[in-house]
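# Residue-level structure breakdown
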Amino acid sequence: MAEKSDSLPQEIMEAERFIDELMNDTKHPVHNHAHPLHKESVKALEDLMQSLDAMRHEWLSKG
């Protein structure tokens, strides 16, 4: 039986870094309700976060 590594997979770390950068970018449409792409940006962010949650769950359940 293989042991689970304690370090997060690169894909998860990159996604978390991207979300962190996005949340700190106050000029991004996700932060501006009046921007024409606001709804699409929020939906894409929600989808990314759900995907990231699934990746974390899969990683945590291994091993």
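Residues numbered from 1 in each chain as written. Predicted model: local features only at pLDDT ≥ 70, side-chain atom pairs only at ≥ 80, totals over all residues. Heavy atoms only, no water.

### A few points about the packing of helix H1 (residues 10-24) against helix H2 (residues 38-61)
To keep it simple, the criterion reads: Each axis is a line fitted through C-alpha atoms, taken for helices only over the stretch in contact, and angles between the N-to-C directions span 0 to 180 degrees. Secondary structure elements follow DSSP: runs of H or I of four or more residues count as helices, runs of E of two or more count as strands, with numbering from the N terminus. Put simply, angles under 35 degrees are roughly parallel, angles over 145 are roughly antiparallel, angles from 65 to 115 are roughly perpendicular, and the rest are oblique. Note: crossing handedness is left-handed where the near helix turns anticlockwise from the far helix by less than a right angle, and right-handed where it turns clockwise. Contact criterion: two residues are considered in contact whenever any of their non-hydrogen atoms come within 4.5 Å of each other. For this classification, the nonpolar set comprises Ala, Val, Leu, Ile, Met, Phe, Trp, Tyr, Cys and Pro, the charged set comprises Asp, Glu, Lys and Arg, and every other residue, Gly included, is treated as polar.
Two elements in contact, H1 and H2, have axes whose closest approach is 10 Å; the angle formed by their N-to-C orientations is 150 degrees. Classified by the angle their axes make, H1 and H2 are roughly antiparallel. H1 and H2 meet at a crossing whose hand is left-handed. Residues Glu11, Ile12, Ala15, Glu16, Phe18, Ile19, Leu22 and Met23 of H1 form the contact with H2, whose own contacting residues are Leu45, Leu48, Met49, Leu52, Met55, Arg56 and Trp59. Classifying every residue of the contact of H1 with H2 gives 12 nonpolar, no polar and 3 charged.

### Examining the nonpolar core
Filter applied, for reference: The definition of a nonpolar core used throughout is a set of buried Ala, Val, Leu, Ile, Met, Phe, Trp, Tyr and Cys residues joined through side-chain atoms within 4.5 Å. Buried, partly exposed and exposed residues are distinguished by accessible area as a fraction of the type maximum, computed with a 1.4 Å probe on protein chains only: under 20%, between the cut-offs, and over 50%, respectively.
Formed by Ile12, Ala15, Ile19, Leu22, Val30, Leu45, Leu52, Met55 and Trp59, the largest nonpolar core amounts to 9 residues. For this core, the elements supplying multiple residues, two or more each, are H1 and H2. Here Leu45 is in contact with Ile19, Leu22, Met23 and Val30, once residues within four sequence places are set aside.

### Looking at the side chain of Ser41
We count it as follows: Any N or O atom pair separated by 3.5 Å or less is treated as a polar contact, with the protein-specific requirement of one donor-capable and one acceptor-capable atom, and with residues adjacent in sequence counted only for side-chain atom pairs.
If you trace the backbone, Ser41 turns up in helix H2. Residue class for Ser41 comes out buried when judged on its relative accessible area of 14%. Of note is the side chain of Ser41, whose polar atom sits 2.8 Å from the backbone oxygen of Leu37. Aside from chain neighbours lying at most four places away, what touches Ser41 is His28, Pro29 and Val30.

### Remarks on the pattern of salt bridges
We count it as follows: By definition, a salt bridge exists where a carboxyl oxygen of Asp or Glu is found within 4 Å of a side-chain nitrogen of Lys or Arg.
Within the structure shown, the criterion is met by 4 salt bridges. Linking Asp53 and Arg56 is a salt bridge whose minimum nitrogen-to-oxygen distance equals 2.9 Å. Of this pair, Asp53 and Arg56 both sit in helix H2, 3 residues apart, which is roughly one turn of that helix. You can call Asp53 partly exposed: its relative accessible area is 46%. With relative accessibility at 27%, the residue Arg56 sits in the partly exposed group. Put simply, Glu58 and Lys62 hold a salt bridge, and the shortest N to O gap is 3.7 Å.

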